[in-house]
Structures are given as structure tokens and as C-alpha cells.
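Observations on the three-dimensional arrangement
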Amino acid sequence: MNERRIHRLREQIKQRLAEILLRDLADPKLGLVTITRVELDAEFTRCQAYWSVIDRPGEAAGKARRQSEEVLRRARGFCQREMGKVLHTRTVPHLEFV
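We now turn to the structure provided with this report. On a predicted model such as this, the values are computed, not experimentally measured, just so you know. (Residues numbered from 1 in each chain as written. Predicted model: local features only at pLDDT ≥ 70, side-chain atom pairs only at ≥ 80, totals over all residues. Heavy atoms only, no water.)

1. Focus: the overall build of the chain
Each helix and strand in the chain was counted, giving two helices and three strands. Order of helices (α) and strands (β) in the chain, N terminus to C terminus: α-β-β-α-β. For a compact globule of 98 residues, the expected C-alpha radius of gyration is about 13 Å, and the chain comes in at 14 Å, within 12% of that figure. In terms of overall dimensions, the chain has C-alpha extents of about 45 × 20 × 15 Å along its principal axes. Counting over 98 residues, the chain shows a buried share of 33%. (Helix = DSSP H or I, 4+ residues; strand = E, 2+ residues; numbered from the N terminus. Rg over C-alpha atoms; globule rule 2.2 N^0.38 Å. Buried < 20%, exposed > 50% of the residue type's maximum accessible area, 1.4 Å probe, protein only.)

See below:
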């Protein structure tokens, strides 16, 4: 696949995932999550979305991360489906939050 196309798709996926997490996911346990990077394999079958979360003041260290990790694990299918609606590709890659 063309390197420019892969780069464009990475950025499109990163932007769409950020929108989904900000606007479409209605889970109060989800912290302030940022999608930092998206990696696609050459066959466009796997997509790894790297993320980080900011702890809320007054919470135990790591609590926001554990809660957000659980929310992202449960919402993976929803995010993948929503992401597939905007991608103009034959297949939608399997989404994995790392």
C-alpha cells in the first residue's frame, strides 16, 4: 500500500477515534483520554491505537487509567464500527487499544 495513503488513513483514524471518545461515548468512568498515535499494519487488518489518560486531582494514582482501560476494552467494537463508517476502504481493521 502507498505510504502516503497509510499516513493519511492513520491520521483519519486518530481524528475519528478522538471524536468518538469525546462525543459519542457516554461513560462517566472514562477519564480525559488522548489518542497519541495510531499504527496500521501493511495489510490493513490490524489497527493499534495508543492512548494516555490524565489522572483527576484527588483520586488514587492509576485509578483513572484502570477505569478508562476497562471502558475502552468494552467500547472497542462500538469504536471500530463507528470508525468504519468514515473510512473509504474495503475492510475495517481490527481495533486494539494499547
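2. Quick word on the sheet that holds strand β3 (residues 94-97)
Taken together, three strands build an open sheet; the order of strands is β1-β2-β3 and the sheet is mixed. The outermost strands of the open sheet, each flanked by one partner alone, are β1 (32-40) and β3. Between one strand axis and the next, the sheet turns through 25° on average, direction left out of account. Pairing of strand β2 (residues 46-54) with β3 involves four bridges; the strand directions are parallel. Bridged to glutamine 48 within β3 is glutamate 96. Its contacts with the sheet put helix α1 (residues 3-24) on β1, β2 and β3, and the angle it makes with β1 is roughly 155°. (Pairing = 2+ DSSP bridges. Axes fitted to C-alpha atoms, helices over the stretch in contact; angles between N-to-C directions. Contact = heavy atoms within 4.5 Å.)

3. Some thoughts on the layout of surface pockets
Rolling a probe over the atoms, with the probe sized like a water molecule, indicates the empty space that remains. Each pocket or cavity is described by its volume, and for the largest pocket that value is around 160 Å³. As for the largest pocket, its lining consists of Ala18, Leu21, Leu22, Leu30, Gly31, Leu32, Val33, Thr34 and Ile35. Residue contributions to the lining of the largest pocket peak at four residues, all from β1. Counted by class, the lining of the largest pocket contains seven nonpolar, two polar and no charged residues. (1 Å grid on protein atoms, 1.4 Å probe; cavity = no way out; pocket = protein on both sides within 12 Å on 5 of 7 lines; lining within 4 Å. Points joined across faces, edges and corners; volume = space filled by probe spheres on them. Nonpolar A, V, L, I, M, F, W, Y, C, P; charged D, E, K, R; others polar.)

4. Examining the nonpolar core
In terms of nonpolar packing, the biggest core is built from 25 residues, with Ile13, Leu17, Leu21, Cys79 and Phe97 touching the most fellow members. Among the elements of the structure, α1, β1, β2, α2 (63-86) and β3 are those that each provide at least two residues to this core. Per-element tally for this core: the top contributor is α2, with six residues. If near-sequence neighbours (up to four positions away) are discounted, cysteine 79 is found in contact with Leu17, Ile20, Leu21, Leu95 and Phe97. (Core = buried A, V, L, I, M, F, W, Y, C linked by side-chain atoms within 4.5 Å.)

5. Brief notes about the pattern of salt bridges
Evaluation of the coordinates by the stated rule reveals nine salt bridges. Here glutamate 96 and arginine 46 are joined by a salt bridge, their closest N and O atoms 3.0 Å apart. Placement of the pair is glutamate 96 in strand β3 and arginine 46 in strand β2, with a sequence separation of 50 residues. Relative accessible area serves as the criterion here: at 29%, glutamate 96 is assigned to the partly exposed category. Linked through salt bridges whose partners overlap, the residues forming this network are Arg16, Glu19, Asp24, Glu82 and Lys85. (Salt bridge = Lys/Arg side-chain N within 4 Å of Asp/Glu carboxyl O.)

As far as function goes, none of this settles anything; it's purely spatial.
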